[in-house]
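Structural description and commentary
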Amino acid sequence: MVHQRVADKRKEIIDSAAALFETEGYTITTMAAIARASGLAKASLYHYFASKDEILFAIHEEFIGLLISRRDQRAATGLNPEDELREVFGDVFELMDSHRGHVRVFFEHYRELPAAQQRVIRAKRDNYESWVEDTVRAGAASGSFRDVDPRLVTLALFGMANWSYQWYRSGGPLTSRQIAVHFWDYLIRGIEGPGPLASPSSWTEALVQ
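Nothing here was measured: the structure is a model prediction, and the numbers come from that model. (Residues numbered from 1 in each chain as written. Predicted model: local features only at pLDDT ≥ 70, side-chain atom pairs only at ≥ 80, totals over all residues. Heavy atoms only, no water.)

1. Looking at the confidence of the model for the protein chain
Any segment with low pLDDT has predicted coordinates that should not be analysed in fine detail. Taken over all residues, the pLDDT of the protein chain has a mean of 91, while the share at 70 or more is 91%. Per-element averaging of pLDDT across the protein chain places helix 10 (residues 200-208) at the bottom with 49 and helix 7 (residues 115-142) at the top with 97. (pLDDT = per-residue confidence, 0-100. Helix = DSSP H or I, 4+ residues; strand = E, 2+ residues; numbered from the N terminus.)

So this is what it looks like as structure tokens:
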């Protein structure tokens with residue numbers, strides 16, 4: 001019971017800190033401000049976290065952990081590669097609703113982590129990205145996708161999804177899930193109308209003209 005209370009309070013501190021880092025910025029947010037937002041005296045905060053770096057690391061771990069957990073929960077459902085990529089978009093966008101501060105921290109403050117903690121997060125991030133690459137590769141092998149470069153497709157997917165926290169706001173005309181499905185559709189089907197794709201040589205000619 002005691003351990004659960006400690007875990008719950010740590011979670012509350014992490015969430016409070018993520019919200020402060022989102023609105024005030026990581027650099028200027030102090031441990032005193034985090035303590036106040038968490039309903040603690042500053043000295044009491046140190047019973048849960050030794051430093052702001054440790055809180056930052058906890059936020060990174062929680063965010064990448066949520067992505068990995070969602071992926072793992074779907075593992076037994078047998079989704080095809082196309083649907084799996086839709087869920088990757090969905091995971092990132094839905095976490096912007098439920099964990100907005102975590103999203104910003106993960107994408108903006110990785111370099112503020114101490115080197116040892118960077119390595120831990122990088123290993124988890126690289127594992128997740130490799131899984132997405134493997135999903136694209138499986139889709140190409142099965143004929144669901146064209147013969148594409150899995151790495152470039154993965155970079156395109158994350159480029160579309162990961163930057164969206166800069167402009168996405170809850171309560172807009174589209175839900176986070178609806179935006180995720182639109183982005184997935186743009187990645188999978190593109191936006192070009194009927195007709196043959198332009199060849200690389202025609203791109204060069206167009207640039208020269």
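Moving on from the model shown.
2. Observations concerning helix 6 (residues 100-108)
One turn of the α-helix equals 3.6 residues, which is why residues spaced by three or four share an orientation. A large share of helix 6 lies buried, amounting to 7 of its 9 residues. Taken together, the buried positions of helix 6 are occupied by Arg100, Gly101, His102, Val103, Arg104, Val105 and Phe106. (Buried < 20%, exposed > 50% of the residue type's maximum accessible area, 1.4 Å probe, protein only.)

3. A few points about the nonpolar core
In terms of nonpolar packing, the biggest core is built from 51 residues, with Ile34 and Tyr128 touching the most fellow members. Taken together, the elements giving at least two residues each to this core come down to helix 1 (2-23), helix 2 (31-37), helix 4 (52-74), helix 5 (81-98), helix 6, helix 7, helix 8 (150-162) and helix 9 (176-189). The greatest single-element share of this core, amounting to 9 residues, is contributed by helix 4. When near neighbours in sequence (up to four residues on either side) are disregarded, Ile34 contacts Ile13, Ala17, Leu20, Phe21, Thr29, Leu45, Lys52 and Ile55. (Core = buried A, V, L, I, M, F, W, Y, C linked by side-chain atoms within 4.5 Å. Contact = heavy atoms within 4.5 Å.)

4. Here's the deal with the packing of aromatic side chains
Taken as a whole and assessed by the stated rule, the structure comprises 13 aromatic pairs. The interplanar angle of 65 degrees and the centroid separation of 6.3 Å between the aromatic rings of Trp163 and Tyr165 together place this pair among those described as edge-to-face. Overall, the relative accessible area of 3% leaves Tyr165 in the buried class. Put simply, the rings of Phe89, Phe93, Trp167, Tyr168, Phe183 and Tyr186 pair up and form one aromatic cluster. A cation over a ring is seen here: Arg86 above Trp184, with NZ or CZ 5.8 Å from the ring centre. The lysine or arginine in question, Arg125, covers the ring of Tyr110, its NZ or CZ lying 5.3 Å from the ring centre. (Phe/Tyr/Trp six-rings, centres within 6.5 Å; stacked < 30°, edge-to-face > 60°. Lys NZ or Arg CZ within 6 Å of the ring centre and 35° of its normal.)

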